[in-house]
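Chains, contacts and geometry: an overview
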Amino acid sequence: MGIDMAEAEGYPARLQQLLGEGYRVMNFGVSARTVLNKGDWPYQHERAWHDALGYNPDRVVLMLGTNDSKPYNWQYGSEFEHDYQQLIDSLQALPARPHIYLCTPIPGQNSSWGINDSTISRAIIPALRRLAKRNGLPLIDLHARFSNKDGLQLQRDGVHPTARGAAQLAEIVCRELKKN
């Protein structure tokens, strides 16, 4: 979101560039969506989710959870692991039996939207660690590895990556994908 020329500079495009011709990166992400089925915009209700399942991918990178940290969504936080497990179970049931990678959200804070890095750090990331362990899935810790030290990797909203941030995300994810 918010990246000029996202089709060339956004995270999926950058990931495709890094992975090269042996891969086909598809973007089934939808901005502002939640893992929580009782959240304001549940991802599992989106056409993109059903399209992702229909695509029957070999590998899946799940990068969700930031919008779940909003207080009006996190009031249902006790259901986060259950709802995330539904995503995992649906993917594991696909004929391709894809390799699934869970990602922690990058650090972010936006009081006007209610995105809360404390909730991300203290509740969402531990839940993702439990899910990864329970399901035997790799966890890519973007929260720890994403850096905005010079202030050029995040947009002014404090949540969405810039083109530089998208490139950094792609590099981190690419390294993990190439390990397997």
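Quick caveat, the model's predicted, so the values are computed rather than measured.

**So, the overall build of the protein**
Summing up its helical and strand segments, the protein has 8 helices and 3 strands in all. The order of α-helices and β-strands along the protein, N terminus first, is α-α-α-β-α-α-β-α-β-α-α. For a compact globule of 180 residues, the expected C-alpha radius of gyration is about 16 Å, and the protein comes in at 15 Å, within 12% of that figure. Along the first, second and third principal axes, the C-alpha atoms of the protein reach 40 × 40 × 30 Å.

**What to know about the pairing of strand β2 (residues 99-103)**
When you tally the buried positions in β2, you get 4 out of 5 residues, the bulk of the element. Of the pairings in the sheet, the one linking strand β1 (residues 59-62) to β2 comprises 4 bridges and is parallel in character. Looking across to β2, one finds that R59 is bridged to H99. Sheet topology note: the β2/strand β3 (residues 139-140) ladder contains 2 bridges and is parallel. Within β3, the residue paired with C103 across the bridge is I140. Taken together, β2, helix α6 (residues 117-135) and β3 constitute a β-α-β crossover, and its handedness is right-handed.

**Looking at unusual backbone geometry**
Trans is the prevailing form of peptide bonds, just as negative phi is the prevailing case for residues other than glycine. Residues other than glycine seldom take positive phi values, yet A32 does so here, at roughly 70°. As for its placement among the helices and strands, A32 is situated in the loop between α2 (11-19) and α3 (47-55). For A32, a relative accessible area of 29% translates into the label partly exposed. A positive phi angle, close to 45°, is found at R97, a residue other than glycine.

About the cut-offs
Residues numbered from 1 in each chain as written. Predicted model: local features only at pLDDT ≥ 70, side-chain atom pairs only at ≥ 80, totals over all residues. Heavy atoms only, no water. Helix = DSSP H or I, 4+ residues; strand = E, 2+ residues; numbered from the N terminus. Rg over C-alpha atoms; globule rule 2.2 N^0.38 Å. Buried < 20%, exposed > 50% of the residue type's maximum accessible area, 1.4 Å probe, protein only. Pairing = 2+ DSSP bridges. Right-handed = clockwise from strand over helix to strand, strands pointing away.

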